[in-house]
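Architecture and fold: a report
So you can see what is in the structure, the chains are spelled out below.
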2 protein chains.
Amino acid sequence: MKKTQRICIITHILTENPNRDYSLGTFAEMFGCAKSSISDDIKLVREGIDAAGRGYLETTSGAKGGVRYVPYISRQAAAEALEELKNAFSDPSRMLGSGFVYTSDMMFNPKIVRGAAMVFAKRFASAEADLVVTVETKGIGVALFTAQLLNLPLAVIRHESKVSEGSSININYFSGSADRLQQMSISKKGIKPGSRVLIIDDFMRGGGSILGILNMLREFDAQPVGTGVVVVAGGRENKKISDFVPLLILDDRNRDKPVIEINPEMLV
Amino acid sequence: MKKTQRICIITHILTENPNRDYSLGTFAEMFGCAKSSISDDIKLVREGIDAAGRGYLETTSGAKGGVRYVPYISRQAAAEALEELKNAFSDPSRMLGSGFVYTSDMMFNPKIVRGAAMVFAKRFASAEADLVVTVETKGIGVALFTAQLLNLPLAVIRHESKVSEGSSININYFSGSADRLQQMSISKKGIKPGSRVLIIDDFMRGGGSILGILNMLREFDAQPVGTGVVVVAGGRENKKISDFVPLLILDDRNRDKPVIEINPEMLV
């Protein structure tokens, strides 16, 4: 096999499997060549990935020495992804009145939510989470891509207990946007005790549902290590929680003229 | 920039953006080199992608002539992905009794559902869908990755109408597994009239919820062009619908000894 083919295949496999470790031996066996050639190939792949500005290669040493691809969106690419998100969100036809915004289509558009997930994956790269958690439904897309990029599983909290979840933990929480008491439920198998959890959600106004997730995590002795929210309405004031990272900030105190801005902290 | 770097970057971009068209000009501009060099680079990328067995490059001709990466999982890789799915599903600790199986964790495990999505993307590559549709919640993972691989948007039907969906279409359907009448709801903005729709869901026993989706599509004058279901219980008999593609077939007529098999039609 030609060197260019090997470089192409290594790039392809690493790109498809972010944050997963591959030993030099795996590639050496795949291509039937010496580890030293693979080591040279990876040097070239590293240069290419660096130049692409969407991540870097991390080498792991020791007997199982190898390589992993860490997605790490550049400042410029993050600005473009968030600009696309902001533009999608700002479309006046989304405004339903009374502060409600139609976002289902964009929250399940792979191109848009994968861009948002790249920004979260960069922000929470060193949080050492071992699970991503969201509550159904519209945050599932961005949470799933974030989990994929960080090579983590995702657990989805439901709004009612389902027979197919087996025994479950249920809690009640007050949702400000629905203006009522709501329920959250997840299987007892859903979160391992002691997990380090990254919370990802699509929208927050009062913070009630994130507070609900935090209470749920306590039931599992699980530890929150970060909270990312795509759109936070009403700025940082009057929230039930304090530690969260928005991508976009929606100021809709003037309901006729909502203003949406990119969170500048995301552009680093 | 070195040739190997260009090859690496082109591979990385195409892999991250399946089924999206890139003109030679885009890459020429990106690298500041002639289209003829890019054309040579792409020839080498094509050889590499072919050898990787996870897709191929399709060239588009004309003034906007360019290239796209079409994911196309090999027979062997499909067998491995479905074996992994089958093994995950067969874990005895998932069996909850009364025919219910705990699958939430695997249905939101990016590695597992992306493998399933690769098989669906291959199966429905020529269906010419312009939208993927699922019904919440557990099918969203595999539906989202299928949509990403086919470069399509995803629409998620909800179980109740939400204020943030604006005006919606609602239908009732009979769910055999829940043994009751249920509701489906989606925003009127959710599905464009005349869309060609690929339906993806996680589990089917009687086919009631897929039949519900089909009825919903009729409300939008949308046309189903394929239905993929991760696990179909009880074989092909006694279903409310006839046209569907299972990945796994669960025979649990003997509740104490459920048997799960890979659908052999998927291994072509």
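Scope of this entry: the structure provided in the associated data block.

Conventions used here
- Residues numbered from 1 in each chain as written.
- Chains lettered and ligands numbered in written order.
- Predicted model: local features only at pLDDT ≥ 70, side-chain atom pairs only at ≥ 80, totals over all residues.
- Heavy atoms only, no water.
- 1 Å grid on protein atoms, 1.4 Å probe; cavity = no way out; pocket = protein on both sides within 12 Å on 5 of 7 lines; lining within 4 Å.
- Points joined across faces, edges and corners; volume = space filled by probe spheres on them.
- Helix = DSSP H or I, 4+ residues; strand = E, 2+ residues; numbered from the N terminus.
- Nonpolar A, V, L, I, M, F, W, Y, C, P; charged D, E, K, R; others polar.
- Pairing = 2+ DSSP bridges.
- Contact = heavy atoms within 4.5 Å.
- Axes fitted to C-alpha atoms, helices over the stretch in contact; angles between N-to-C directions.
- Buried area = accessible area lost by both parts, 1.4 Å probe.
- Salt bridge = Lys/Arg side-chain N within 4 Å of Asp/Glu carboxyl O.

**Details of empty space enclosed by the protein**
- One pass over the structure, following the stated rule, counts 1 cavity of 30 Å³ or more.
- In this model, the largest cavity occupies a volume close to 70 Å³.
- A:Thr15, A:Glu16, A:Pro18, A:Arg114, A:Gln148, B:Thr15, B:Glu16, B:Pro18, B:Arg114 and B:Gln148 together form the lining of the largest cavity.
- Elements with a minimum of two residues in the lining of the largest cavity: α1 (3–16) of chain A together with α1 (3–16) of chain B.
- In the lining of the largest cavity, the residues fall into 2 nonpolar, 4 polar and 4 charged.

**Things to note about the sheet that holds strand β1 (residues 22–23) of chain B**
Residues and elements named next belong to chain B.
- Spatially, the 3 strands line up as an open sheet ordered β1-β3-β2, and their pairing is antiparallel. The strands lining the two open edges of the sheet, one partner per strand, are β1 and β2 (55–60).
- With 2 bridges connecting them, β1 and strand β3 (residues 66–71) associate as antiparallel partners. Across the sheet, residue Tyr22 finds its bridge partner in β3, namely Val67.
- Across the face of the sheet, helix α3 (residues 35–52) comes into contact with β2 and β3 while running at roughly 150 degrees to β2.

**Focus: the interface of chain A and chain B**
- Each partner contributes residues to the interface: chain A has 52 residues there, and chain B has 52 residues.
- Roughly 4,900 Å² is buried in total at the junction of chain A and chain B, and carbon and sulfur atoms are behind 64% of that figure.
- Our count for the contact surface shared by chain A and chain B stands at 6 salt bridges.
- With a closest N to O distance of 3.0 Å, B:Arg54 and A:Glu16 form a salt bridge.
- Mapped onto the side of chain A that touches chain B, the elements with two or more residues apiece are α1, α3 (35–52), β5 (100–101), α6 (110–123), α7 (140–150) and β7 (154–157) of chain A.
- Per-class residue counts for the side of chain A that touches chain B are 25 nonpolar, 15 polar and 12 charged.

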